[in-house]
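Each chain is listed here by its residues.
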Amino acid sequence: MFTLAEVASLNDIQPTYRILKPWWDVFMDYLAVVMLMVAIFAGTMQLTKDQVVCLPVLPSPVNSKVNTPPGNADLTTNIPKTEATDQDLDRWTTSDISFVTSAVTPDIPLSATYPHTDSTLPNQETKKEKKDPTGRKTNLDFQQYVFINQMCYHLALPWYSKYFPYLALIHTIILMVSSNFWFKYPKTCSKVEHFVSILGKCFESPWTTKALSETACEDSEENKQRITGAQTLPKHVSTSSDEGSPSASTPMINKTGFKFSAEKPVIEVPSMTILDKKDGEQAKALFEKVRKFRAHVEDSDLIYKLYVVQTVVKTAKFIFILCYTANFVNAISFEHVCKPKVEHLTGYEVFECTHNMAYMLKKLLISYISIICVYGFICLYTLFWLFRIPLKEYSFEKVREESSFSDIPDVKNDFAFLLHMVDQYDQLYSKRFGVFLSEVSENKLREISLNHEWTFEKLRQHVSRNAQDKQELHLFMLSGVPDAVFDLTDLDVLKLELIPEAKIPAKISQMTNLQELHLCHCPAKVEQTAFSFLRDHLRCLHVKFTDVAEIPAWVYLLKNLRELYLIGNLNSENNKMIGLESLRELRHLKILHVKSNLTKVPSNITDVAPHLTKLVIHNDGTKLLVLNSLKKMMNVAELELQNCELERIPHAIFSLSNLQELDLKSNNIRTIEEIISFQHLKRLTCLKLWHNKIVTIPPSITHVKNLESLYFSNNKLESLPVAVFSLQKLRCLDVSYNNISMIPIEIGLLQNLQHLHITGNKVDILPKQLFKCVKLRTLNLGQNCISSLPDKIGQLSQLTQLELKGNCLDRLPAQLGQCRLLKKNGLVVEDHLFDTLPLEVKEALNQDINVPFANGI
C-alpha cells in the first residue's frame, strides 16, 4: 500500500516555482488533492468492507402448485430430496439462515416444510413450546454461501462498482502529472529553473530598489515642479498624499522623506539607494545573466507550446471522464440478480444479492463527478486565457510609462510567456525584472560602481609623466569615465582605451591644462558644454578605431585642433574607399597622421590643404595606387608614406614645392632614377629611403644640393657613389645594413658631416680622409670587418658616440683620449678591447662630465 503523502508528491513542485503558478493552476492542484483523497478513501473502503451477500431465489407457492393435485398443500415437492434429521434442525439456527424477501411466505411455519418431523423426534413437545422461526429454508451450508457470494461479486456487480476507486486514482495521477509536466520536462525545466533563479535575484537586488527609488524621486520632482508652476504652494510640501496626509494607497517609497522647497527643490536621498561594491558587482552580473538568458529563451516557444499541450490534455481528460462516468452513476445499486450457472453445485439457479458499499460508492462517484466538472471548467478557462491574448509577446509599456527607463524592450516567445505567467502571481516581479532589461539602468549602475571604485585618490596614483614631461592618465577597459577624472585639473594628456560607453560631461571644462586626448576604440559622447570646451582648448587628438563609423562626429568640428591621428580601417571589403567626414572645419590643423589600409589618398584631405604642414600615411601593406590628391598639398613640409608598397617615387611628390622632409620607409622601391626631379624642391633637406630594395644611388643625387640628411639603411647598396660626397650641406648619412665594402676617400669632402652610420656592412679599412670630418659627433662602425682603428681617430675632437662592436679589432688606440667629449657610455666596444686602453685614457673616459650636445638625427 502507499500513503496519501506519497501520491501527493506527484503534485509537488519546488517552492520557488510557485511564482509561475497562476490561480487556476493552484486551484486545480487543490482539486486534484481532493480527488486523490476521494479515490484513496473509496479504495480503502472497498478493500476493507466491500462485499456481496446472496441468497438463492426459491420458487414462489403459486408456481409450486402448478404440478400438484388440487387440495394438496404439501410444499415438499420443490425442496431437494434430502432427509433432515433432528440434529440438522438443531444445527440450523435462525442466525445461520438468510431470508429472501421476494420469495418468503411468512405465514408458513418452518415445520410445515418438513411434515415428517412430527413422529421422529422424541422431544417434540419441548420444541413445540419454543417459538417457530419464520422464513424459508435454503438447505445450503456456509461454504456454499461464501462461494456464491464470491461468484456473484464478479458476475453480478457492474465493473465500474468494482474498479471506480482505482480509475479515479489513475485519472487523478494523470491530471497531477499533466499539471506540472512543464516543470519536469528536461528541455523546459532548465529554462524555468534559470528564469526563476534570475527573477528572484532581480527582485531582491538592492540595485532594483535603488533604480526604482530614483525613478520615483525624479517623478516626484517633476510633479512638484509642474505643480509649483501652476500655483503657489507652502514653503515645504510633503508628497505623502494629495491632501498632505498619508493615505492607504501611498507607496512605501514616500516614507523615505523626499521634501521639496518652492524656492529650491531639495532631494533627500534615501539610505536604501546607497550601493556598496559587492551589490554593484552582483547587479552587473545579473545584467549579463539576463542578457544571455533573453538571447537563449527568445529563440523558441517550447515552454508555451508544452503548457498549451498539457492544458489541452487535461481538458480532453475531463471530457472523457465526464462522458463515461455519467453513464455509470445509475448502474450502481444495492440489489442485484445473479445467475452464476452453478446449479450442479448448489441446486439453485438464481440468486438475489445485496452490495453493502453501493450507497457509499454512489455518493463518492457523484462527489467525484462534481469535482471533475469544476476542474474541467477551470481547464476551459485556462484555454480561453491562453488564446485570448498573444502570450508570445510581452510589452513593458506600462513599466516604461511609470519609470524613467523608456528603453526597456518588449520580449517575445518563451520569455514573454514566462513573464505573463509571473504577472498572474504578482506584477511587481516583472516591473522589477524590467530594470535589468534597460540599457539606461545598466549604464547608471556602471557609472555608480565606477565612481565607487575609481576615487580621486586612486586616479591620482595612476597619473604619470610621459616622454614630453607632461602629466598623463591612461584608463583602460573601464565601463565608463569616472567623474573624479575631471577633478584632475592639472592633467595634460588623457588616454581612454576600450571604453565603449565613455561620456565626457561638462565638468571637463575644469581641466584647463588638457590639450591632448586619446580615444582608442572609444566612441566617446560629449555634452554640448564639454564640446565647446574641447573645440576651443584641445590641440592634439588621437583616434583609434575598427570602423570609420566609430569616429565621433564632433571630432570633425574641433576648429582649434592642431594635430589629428587616425588609426583604423578606412577600406571596405570591396576595396572601395570609405570617405571620412569633411575636414574643412579643422581650420587650424597642422599635422594629419593616418595609419590604415588606403588604396588612395583620401580626397577629403584637400579640405585641410591650405594649412596642413605634415601628412603621414602608414599603410598595413596595402598598395597605395592613387596619389593625385597630394598635388594640392602645397604647404606640406613633411610627408611620410610608409609601408605603401610603392615601387617608385610618386611623381605627385615633385609638385610639393614647400616639402622639406620626405620619408618613404618600408616600401618596395628598387630604383630611384626620379631623384633628379628633387632638384625642383629647393627646400628639401631630409630624404629617407630606408628599408627598401635600392641597389644603387644614381649620380643625379648631386642635384639635390640642399640635402642635410640622407637615409639609405636596410637596402641592397654595394657601393657609395662619389656624387653623394658632393652634397656639401650633408650633416647625417645613414647607410647601415647594406653590402658596402669600402668607404670612398671622397668622404673627406663632407666637412659638415656630423653623423655617419655604416653599421652592418662589409667595410674592412677606414680611409684616413674620414678623419678630416672633424665635426663628426656620431660614428657607428659596428658589425663590419675592421681590423684596426687608425690613430687619427684622435682628430675627431667633437666625437660623443663611437660604435666598434662586432669587428676584428685586437686593440684600441690610445689617441681615443684626445676625443675629450667621448665618454665610456658613448663608446660601444667589447670589454676586453676597453681594457687595452692606457689607464689614464680609461680614467678620462670614465669621468662623468655632462656636455650638452644634439645628435641631429
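For the protein chain, an unreviewed UniProt entry supplies the name Volume-regulated anion channel subunit LRRC8D and the organism Erinaceus europaeus. Annotation of the protein chain in UniProt includes, under Subcellular location (unreviewed entry), the sentence "Cell membrane".

Asker: Pulling in residues and values, what's your account of the overall build of the protein chain?
Answerer: When you go through the protein chain residue by residue, the secondary structure sums to 23 helices and 26 strands. In the protein chain, which comprises 857 residues, the proportion classed as buried is 46%. Contacts in the protein chain between residues at least 24 apart in sequence constitute 56% of all its contacts with a sequence separation of at least 6. Accessible surface, the protein chain: about 43,600 Å² in total, of which carbon and sulfur atoms supply 54%.

Asker: Could you give an account of the packing of aromatic side chains, naming the residues involved and the relevant values?
Answerer: Summed over all chains, the structure comprises 30 aromatic pairs. Between the aromatic rings of phenylalanine 654 and phenylalanine 678, the centroid separation amounts to 5.2 Å while the plane-to-plane angle is 75°, which identifies the pairing as edge-to-face. On the criterion of sequence distance, the pair formed by phenylalanine 654 in the loop between strand S18 (638–642) and strand S19 (661–663) and phenylalanine 678 in the loop between S19 and strand S20 (686–688) is long-range, its members being 24 residues apart. Just as phenylalanine 654 is buried, phenylalanine 678 falls in that class too. These aromatic residues form a ring-pair network of at least three members: Trp159, Tyr160, Phe164, Phe320, Tyr324 and Tyr368. When the ring centre of tryptophan 454 is taken as origin, the NZ or CZ atom of lysine 458, which lies over that ring, is 4.3 Å away.

Asker: Break down helix H17 (residues 413–425) for me, with residues and values.
Answerer: Given 3.6 residues per turn, any residue in an α-helix points the same way as the ones three and four places further on. Here H17 is 13 residues long and its end C-alpha atoms lie 19 Å apart, about the 18 Å a rise of 1.5 Å per residue gives. Taken together, the buried positions of H17 are Asn413, Asp414, Phe415, Ala416, Phe417, Leu418, Leu419, His420, Met421, Val422 and Asp423.

Asker: Please give an account of the state of the cysteines that cites residues and values.
Answerer: For the coordinates displayed, the defined rule picks out two disulfides. Here cysteine 152 pairs with cysteine 338 through a disulfide, and the sulfurs are 2.2 Å apart. Disulfide cysteine 152 to cysteine 338: torsion about the S-S bond roughly -90°, handedness left-handed. You can see cysteine 152 sitting in helix H7 (residues 142–155) and its partner cysteine 338 sitting in strand S4 (residues 335–338), a full 186 residues away along the chain.

Asker: Go over the nonpolar core, please, and point to the residues and values.
Answerer: Within the largest apolar cluster, 131 residues are counted, with the highest numbers of intra-cluster contacts made by Leu641 and Phe678. For this core, the element with the most residues is helix H21 (residues 528–537), which contributes four residues. Excluding anything up to four places from it in sequence, leucine 641 contacts Ile617, Leu624, Leu627, Leu630, Leu646, Pro650, Ile653, Asp663, Leu664, Lys665 and Asn667. Listed in part, the 82 residues of the second largest apolar core include Leu31, Phe287, Val290 and Leu361.

Asker: Lay out the UniProt feature "transmembrane region" (unreviewed entry) in the protein chain with the relevant residues and their values.
Answerer: With numbering matched to this structure, UniProt assigns "transmembrane region" (unreviewed entry) to residues 27–47, 163–183 and 365–387. Helix makes up 95% of residues 163–183 and strand makes up 0%, while its end C-alpha atoms are separated by 31 Å. Helix and strand shares over residues 365–387 are 100% and 0% respectively, and the end C-alpha atoms of the span are 33 Å apart.

Asker: I'd like a rundown of the side chain of lysine 21, residues and numbers included.
Answerer: Along the chain, lysine 21 falls in the loop between helix H1 (4–8) and helix H2 (23–49). At 2.9 Å, the side chain of lysine 21 and the side chain of aspartate 29 are in polar contact. Polar side-chain contacts of lysine 21 include one of 2.8 Å to the side chain of asparagine 180.

Asker: Could you give me a rundown of the packing of helix H13 (residues 302–326) against H17, with the residues and numbers involved?
Answerer: Two elements in contact, H13 and H17, have axes separated by 7 Å at closest approach and are oriented at 55°. By the criterion of interaxial angle, the relationship of H13 to H17 is oblique. Contacts from Leu302, Ile303, Tyr304 and Tyr307 of H13 reach H17 at Asp414, Phe417, Leu418 and Met421.

Asker: Requested: an account of the sheet that holds strand S1 (residues 52–56), with residues and values cited.
Answerer: Here three strands make up an open sheet; going across it, the order is S1-S5-S4 and the pairing antiparallel. If you trace the sheet from one side to the other, it starts and ends with S1 and S4, each paired once. Direction aside, neighbouring strands of the sheet carry axes that sit 25° apart on average. Here S4 runs beside strand S5 (residues 351–355); their pairing, made up of four bridges, is antiparallel. Of the residues in S5, the one forming a bridge with glutamate 335 is threonine 354.

Asker: Break down the pattern of salt bridges for me, citing the residues and quoting the values.
Answerer: Side chains that carry opposite charge are capable of pairing whenever their charged atoms lie near each other. Summed over all chains, the structure comprises 20 salt bridges. Residues aspartate 301 and lysine 305 are paired through a salt bridge, measuring 3.6 Å at the closest nitrogen-oxygen approach. Linking glutamate 661 and lysine 688 is a salt bridge whose minimum nitrogen-to-oxygen distance equals 3.5 Å. Residue glutamate 661 is found in strand S19, and its partner lysine 688 is found in strand S20; the two are separated by 27 residues along the sequence. The class of lysine 688 is buried, set by a relative accessible area of 15%. It is possible to trace a salt-bridge network through shared partners that takes in Glu288, Arg291 and Glu442.

Asker: Tell me about a nonpolar patch on the surface, residues and numbers included.
Answerer: Residues Trp23, Val26, Phe27, Tyr30, Val374, Tyr381 and Phe384 make up a contiguous nonpolar surface patch of about 690 Å² in total accessible area. Those elements that provide at least two residues to the nonpolar patch are H2 and helix H15 (358–388). Per element, the largest residue contribution to the nonpolar patch is four residues, and it comes from H2. Position of tyrosine 30 relative to the elements: it lies in helix H2. Judged by relative accessible area, tyrosine 30 falls into the exposed class, the value being 57%.

Asker: Give me the side chain of histidine 593: which residues, what numbers.
Answerer: Among the secondary structure elements, histidine 593 is positioned in strand S16 (residues 591–596). Discounting chain neighbours no more than four positions away, the residues touching histidine 593 are Leu564, Tyr565, Leu566, Val616 and His618.

Asker: Requested: an account of the confidence of the model for the protein chain, with residues and values cited.
Answerer: Caution applies to low-pLDDT parts of the model: their predicted coordinates are not meant to be read in detail. Confidence in the prediction for the protein chain averages 79 pLDDT; 80% of positions are at 70 or higher. With pLDDT under 50 throughout, residues 62–130 is counted as low confidence; its partners more than four residues away or in other chains account for 56 contacts. Low confidence marks residues 850–857, where pLDDT is under 50. Its contacts with residues over four positions away, or in another chain, come to eleven contacts.

Asker: Explain the pairing of strand S10 (residues 493–497) residue by residue, including any values.
Answerer: The side chains of a regular strand alternate, residue by residue, between the two faces of the sheet. As defined by bridge partners, strand S9 (residues 471–476) adjoins S10 across five bridges and the pair is classed as parallel. Bridge pairing links glutamate 472 to valine 493 in S10. Of the pairings in the sheet, the one linking S10 to strand S12 (residues 516–520) comprises five bridges and is parallel in character. Directly across from leucine 494, in S12, lies its bridge partner leucine 517.

Asker: Please provide a residue-by-residue account of the packing of helix H10 (residues 186–204) against helix H12 (residues 277–297), values included.
Answerer: The N-to-C vectors of H10 and H12 enclose an angle of 150°; their axes lie 11 Å apart at closest approach. The angle between H10 and H12 falls in the class roughly antiparallel. Helix-helix and strand crossings are classified by hand; for H10 and H12 the assignment is left-handed. Side by side, H10 and H12 meet where Lys191, His194, Phe195, Ile198, Lys201 and Cys202 of the first sit next to Leu286, Lys289, Val290, Phe293, His296 and Val297 of the second. Class assignment for the residues of the contact of H10 with H12 results in seven nonpolar, two polar and three charged.

Asker: How would you sum up the environment of phenylalanine 433? Please name residues and give values.
Answerer: Of note, phenylalanine 433 is situated in helix H18 (residues 427–434). Along the backbone, phenylalanine 433 and glycine 200 are 233 residues apart, and their C-alpha atoms lie at a distance of 8.9 Å. Phenylalanine 433 has contacts with Phe195, Ile198, Leu199, Cys202, Val290, Phe415 and Leu419, leaving out every residue within four places of it along the chain.

About the thresholds
Residues numbered from 1 in each chain as written. Predicted model: local features only at pLDDT ≥ 70, side-chain atom pairs only at ≥ 80, totals over all residues. Heavy atoms only, no water. UniProt positions renumbered as here; feature names shortened; annotations may be inferred. Helix = DSSP H or I, 4+ residues; strand = E, 2+ residues; numbered from the N terminus. Buried < 20%, exposed > 50% of the residue type's maximum accessible area, 1.4 Å probe, protein only. Contact = heavy atoms within 4.5 Å. Areas by Shrake-Rupley, 256 points an atom, 1.4 Å probe, with all protein chains shown as cover. Phe/Tyr/Trp six-rings, centres within 6.5 Å; stacked < 30°, edge-to-face > 60°. Lys NZ or Arg CZ within 6 Å of the ring centre and 35° of its normal. Expected span 1.5 Å × (residues − 1). Disulfide = S-S within 2.5 Å. Core = buried A, V, L, I, M, F, W, Y, C linked by side-chain atoms within 4.5 Å. Polar contact = N/O pair within 3.5 Å; in protein donor to acceptor, adjacent residues only side chain to side chain. Axes fitted to C-alpha atoms, helices over the stretch in contact; angles between N-to-C directions. Parallel < 35°, antiparallel > 145°, perpendicular 65-115°, else oblique. Pairing = 2+ DSSP bridges. Salt bridge = Lys/Arg side-chain N within 4 Å of Asp/Glu carboxyl O. Patch = residues over 30% accessible without salt bridge, like charges linked within 9 Å, V, L, I, M, F, W, Y side chains within 5 Å. pLDDT = per-residue confidence, 0-100. Left-handed = near helix turned anticlockwise from the far one by under 90°. Nonpolar A, V, L, I, M, F, W, Y, C, P; charged D, E, K, R; others polar.

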